Amino acid sequence: MTNLAMPAGEAEARAVQDTLRSRVVLDEPGPPPGTGRVTGVDVAYDDERDVVVAAAVVLDGATFAVVAETTAVGRVTFPYIPGLLAFREIPTVLAALESLPVDPGLVICDGYGRAHPRRFGLASHLGVLTGLPVIGVAKNPFTFSYEQPGPRRGDWSPLLDGEEEVGRALRTQDGVKPVFVSVGHRTGLDNACAHTLLLARDFRQPETTRRADSLCRKALREAAV
């Protein structure tokens, strides 16, 4: 695992992003959907105490059975700055991943990868630091534009920064607003969307995200830091 570089301020954080962005691997397709393990990671905050809790939930990629799950509790040590959210979350997310008793396989973040103003969101940052294949599945499109995809499950449209496709708006349930999928590291966009659609079998969000969100919220309620 790459050593975590925690910046002293905004300028240093952007310099870290610039350095690590060159290490993102974009020419690997990633593991096939429905195989191996898939791991959801998510975080929850207690702003009054400056506490952040991260959860990692490993599912069997074919059956969605829980293989392992873990949480980690940390302090928020970096201010909220748009585009630099990863620096608030990544130390605790890494701690959760490192405490898993199994290989996580493909990791799915509730956030962005290439769909980021600097092309280096949490999914890319986490992928470079861990070497794992990672994708981002977000609830909103950040600052990018898109046309509404068709109304049926599986319909999609490109998420655009000017003419550059940085991700996709993907309809995971009929008539439900889309999610926004982007590549983080060591995966392709087609494959990222296929994983997302498979994992969002019954709900808008992938099952990995739903499980990790529930676990980190529970752990936050129980945290005594």
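Residues numbered from 1 in each chain as written. Predicted model: local features only at pLDDT ≥ 70, side-chain atom pairs only at ≥ 80, totals over all residues. Heavy atoms only, no water.

### Here's the deal with the sheet that holds strand E6 (residues 156-161)
Judged by pairing direction, the sheet is mixed, and its eight strands sit side by side in the order E3-E2-E1-E4-E5-E8-E7-E6 without closing on themselves. Only two strands of the sheet have a single partner each, and these edge strands are strand E3 (66-75) and E6. Averaged over all pairs of adjacent strands, the angle between their axes in this sheet comes to 25°, without regard to strand direction. The sheet contact formed by strand E1 (residues 37-46) and strand E4 (residues 106-109) spans four bridges and is parallel. Paired with Val41 across the strands is Cys109, a residue of E4. (Pairing = 2+ DSSP bridges. Helix = DSSP H or I, 4+ residues; strand = E, 2+ residues; numbered from the N terminus. Axes fitted to C-alpha atoms, helices over the stretch in contact; angles between N-to-C directions.)

### Some words on the layout of surface pockets
Counted as a void, the largest pocket has a volume near 530 Å³. Lining the largest pocket we find 26 residues, and of these Leu85, Glu89, Asp110, Gly111 and Tyr112 sit closest to its centre. Contributing elements (two or more residues each) for the lining of the largest pocket: E1 and helix H2 (86-98). Take the lining of the largest pocket: its biggest share by element is four residues, from E1. Residues belonging to the lining of the largest pocket are distributed by class as follows: 16 nonpolar, six polar and four charged. (1 Å grid on protein atoms, 1.4 Å probe; cavity = no way out; pocket = protein on both sides within 12 Å on 5 of 7 lines; lining within 4 Å. Points joined across faces, edges and corners; volume = space filled by probe spheres on them. Nonpolar A, V, L, I, M, F, W, Y, C, P; charged D, E, K, R; others polar.)

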